[in-house]
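Tertiary structure, described
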Amino acid sequence: MKLLKVLIRPILLEEISKELRHHGVCCMTVYHGEGTGRYIDPAKEHGSLDFPAMHAEVVKIEIAVHDEDAEKIAEVIQNKASTGSEGDGIIFISSIEEAVRIKDGTRGSDVLI
């Protein structure tokens, strides 16, 4: 199993979510946040009121998938999220060592069914 952690521009979430569903991705977790990176938004000289040091709004999507689906899903996201500009985001793909469904104790990749 793989875990995709995806940081994107908030404005693109709906479009990316629709495209993922079109490609059979039914389940994801979405977080709204703020961060810093090499890119600095010239329209935001100061951070937010919540986090004064942060300067960019981001959406983080987490998706657990079967190994063979990770690259395809990453490609779908990259194609939809790319504006060709700095600050488009990043996709991290890492291995999941184990998964346990809390409801019934099912383990391994069967939790993705």
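The sections below set out a description of the structure shown in this document. (Residues numbered from 1 in each chain as written. Predicted model: local features only at pLDDT ≥ 70, side-chain atom pairs only at ≥ 80, totals over all residues. Heavy atoms only, no water.)

**Structural notes on the pairing of strand S3 (residues 56–65)**
Put simply, the rule is: The pairing criterion is simple: DSSP has to find at least two bridges between the two strands. A helix here means a DSSP run of H or I that spans at least four residues, while a strand means a run of E at least two residues long, and both kinds are numbered starting from the N terminus.
Bridge count for strand S1 (residues 2–8) against S3 is 7 bridges, and the pairing is antiparallel. Across the sheet, residue leucine 3 finds its bridge partner in S3, namely alanine 64. Bridge analysis of strand S2 (residues 29–35) against S3 gives 7 bridges, and the strand direction is antiparallel. Each residue of the ladder has a partner; that of glycine 35, found in S3, is alanine 56.

**What about the sheet that holds S2?**
Strands pair in a sheet through their backbones, by hydrogen bonds, and they do so in one of two ways: parallel or antiparallel. For clarity, the cut-off: Helix axes are fitted only over the stretch in contact, all axes being lines through C-alpha atoms; the angle between N-to-C directions runs from 0 to 180 degrees.
Here we have 4 strands laid out as an open sheet, ordered S2-S3-S1-S4, and antiparallel in their pairing. At either margin of the open sheet sits one strand with a lone partner, and together these are S2 and strand S4 (89–95). Across this sheet, the average inter-strand angle for adjacent strands is 20°, counted without regard to direction. Here S1 runs beside S4; their pairing, made up of 7 bridges, is antiparallel.

**Overview of the packing of helix H1 (residues 13–22) against helix H2 (residues 70–81)**
Using the following cut-off: Whether a crossing is left-handed or right-handed is set by the direction in which the near helix is turned from the far one by less than a right angle, anticlockwise for left-handed and clockwise for right-handed. The contact rule is simple, with two residues in contact once any of their heavy atoms fall within 4.5 Å.
Relative orientation of the contacting elements H1 and H2 amounts to 145°, with a least axis distance of 10 Å. Once H1 is placed against H2, the crossing between them reads as right-handed. Contacts between H1 and H2 involve Glu15, Ile16, Glu19 and Leu20 from the first element and Ile73, Val76, Ile77, Lys80 and Ala81 from the second.

**Regarding the packing of aromatic side chains**
We count it as follows: Classification of ring pairs rests on two measures: the distance between centres of Phe, Tyr or Trp rings, Trp counted by its six-membered ring, which must be within 6.5 Å, and the angle between planes, read as stacked under 30 degrees, edge-to-face over 60 and tilted in between. Two limits define a charge over a ring: the Lys NZ or Arg CZ must be within 6 Å of the ring centre, and within 35 degrees of the ring normal.
Overall, the coordinates contain 0 aromatic pairs when judged by the stated rule. A cation over a ring is seen here: lysine 60 above tyrosine 31, with NZ or CZ 5.6 Å from the ring centre.

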